[in-house]
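What the coordinates show
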Amino acid sequence: MKIAVVVGARPQFIKVAAVSRILRNHYVDINEVLIHTGQHYSSNMSDVFFDELAIPRPDYNLGIGGGSHGQNTGRMIEKIEEVLLKEQPDWVLVYGDTDSTLAGALAAAKLHIPVAHVEAGLRSFNRRMPEEINRVLTDHISALLFAPTELACRNLLAEGVAADKIHMVGDVMFDAALFYKNRAMKPNWFDSIGFSMNNFVLCTIHRAENTDDSGRLLSIFEGLADAGLPVILPLHPRTKGKIAEQNIPVAENIHITDPVGYLEMVWLEMNCKLIATDSGGVQKEAYFHAKPCITLRDETEWVELVDIGVNRLVPVRRDAIRAALVEIPPSVEHCFSSMLYGSGDAASKIVDRMLCNSERISKGVVF
């Protein structure tokens, strides 16, 4: 069996690492073809992940990135289609909710190649988010939907997706967190900045709703400054450009660094006091490492974390952000339950389900 895997953005590399390790170590009769769209194309957003996570180098690197959502998605579909026609895979496997996800799913569906979607069923119910459009469309053209939670399964059923397409497997990012936890690496610059372990805020900001709105972006930096806590902010290149473009002042308590590798990010997550983010993946990683989290958005796909009290949605206003940082909640260790996102074997379940459904797919039963 041949599986074409389409990835392009940093969070997807982490998920691929978990599944690829199962595919390549336990199934010699499965041929994995890795297609990197190039959506994240700089070395510290892409290459370092393949090195650190021992992911095989992509079989194809399409070099598509830096354009608008429409430009990127259209160019990706064209190039992915060329690869699929050449490789003739039995499956196309996509992850998450990026432009690469949707492009891979659309290219496959047009060629009548069945699509399997990892992290299916997540919903923010905010159609202004490009990620929401990507995930909804991908779910509805996929033959197999691998949901990380029971709520994700219910979302799909509510939208009329056939029950036999949906599989609750858990979260592959939890697989990765367990596997790489003991391999975490302290960034080589950490000791030089004068911050103490377990006494700094780790912050990540990258979503367009925050970076493209000058008022929201200014509020975030003002709130971080007002709290007076040491802040480490690994900065997405696009966000760095927006800060310069909008002339956003950066206070002395905020240490901006280039994006870090996954193993360094895990170390920062494990050794911070609090995480502030607009990233879906980082919200979960905060929970995996038993750290309180505030989410700088109006909604989240990971509502179960809010429900159990380990994550708080914070309005993107200067006063609200300051208050949330000053009133840091107690440790969330007592709330931790690995069963919320499965038992750490999501990748194995995904591969097993694909193998079990291959015959059904070939006969047209599911797709």
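What comes next concerns the included structure. Computed from a predicted model, the values in this text were never measured in an experiment.

**Notes on the overall build of the protein chain**
For the protein chain, the count of helices and strands is 15 helices and 13 strands. Expected size for 367 residues packed as a compact globule is a radius of gyration near 21 Å; at 20 Å, the protein chain falls within 12% of this value. Taking the principal axes of the C-alpha coordinates as reference, the protein chain spans close to 60 × 40 × 35 Å. When each of the 367 residues of the protein chain is scored for burial, the buried share is 58%. Residue pairs at least 24 apart in sequence account for 70% of intrachain contacts in the protein chain once pairs closer than 6 positions are excluded. Carbon and sulfur atoms make up 50% of the accessible area of the protein chain, which amounts to about 14600 Å² in all. For the protein chain, the distance from the average position of its 36 positive side-chain charges to the average position of its 46 negative side-chain charges is 1 Å.

**Quick notes on the sheet that holds strand β4 (residues 91-95)**
Here we have 7 strands laid out as an open sheet, ordered β3-β2-β1-β4-β5-β6-β7, and parallel in their pairing. The sheet is open, and its two edges are formed by β3 (60-61) and β7 (166-168), each paired on a single side. Strand direction decides the pairing type here: strand β2 (residues 31-36) and β3, joined by 2 bridges, are parallel. The partner of I35 across the bridge, within β3, is Y60.

**Topic: the nonpolar core**
Grouped together as the largest cluster of nonpolar side chains are 37 residues, with contacts concentrated most on V19, L93 and M354. The set of elements that each furnish at least two residues to this core consists of β1 (2-7), α1 (10-26), β4, β5 (115-118), β6 (144-147), α7 (172-180), α11 (262-271) and α15 (346-362). Here this core takes 8 residues from α1, the largest share from any one element. Filtering out sequence-adjacent residues up to four positions away, L93 remains in contact with I3, A4, V5, V6, V19, A116, V118 and M354. Membership of the second largest hydrophobic core comes to 25 residues, among which are F221, I248, I254 and L296.

Rules used in this analysis
- Residues numbered from 1 in each chain as written.
- Predicted model: local features only at pLDDT ≥ 70, side-chain atom pairs only at ≥ 80, totals over all residues.
- Heavy atoms only, no water.
- Helix = DSSP H or I, 4+ residues; strand = E, 2+ residues; numbered from the N terminus.
- Rg over C-alpha atoms; globule rule 2.2 N^0.38 Å.
- Buried < 20%, exposed > 50% of the residue type's maximum accessible area, 1.4 Å probe, protein only.
- Contact = heavy atoms within 4.5 Å.
- Areas by Shrake-Rupley, 256 points an atom, 1.4 Å probe, with all protein chains shown as cover.
- Lys, Arg positive; Asp, Glu negative; His and termini not counted.
- Charge placed at Lys NZ, Arg CZ, Asp CG, Glu CD.
- Pairing = 2+ DSSP bridges.
- Core = buried A, V, L, I, M, F, W, Y, C linked by side-chain atoms within 4.5 Å.

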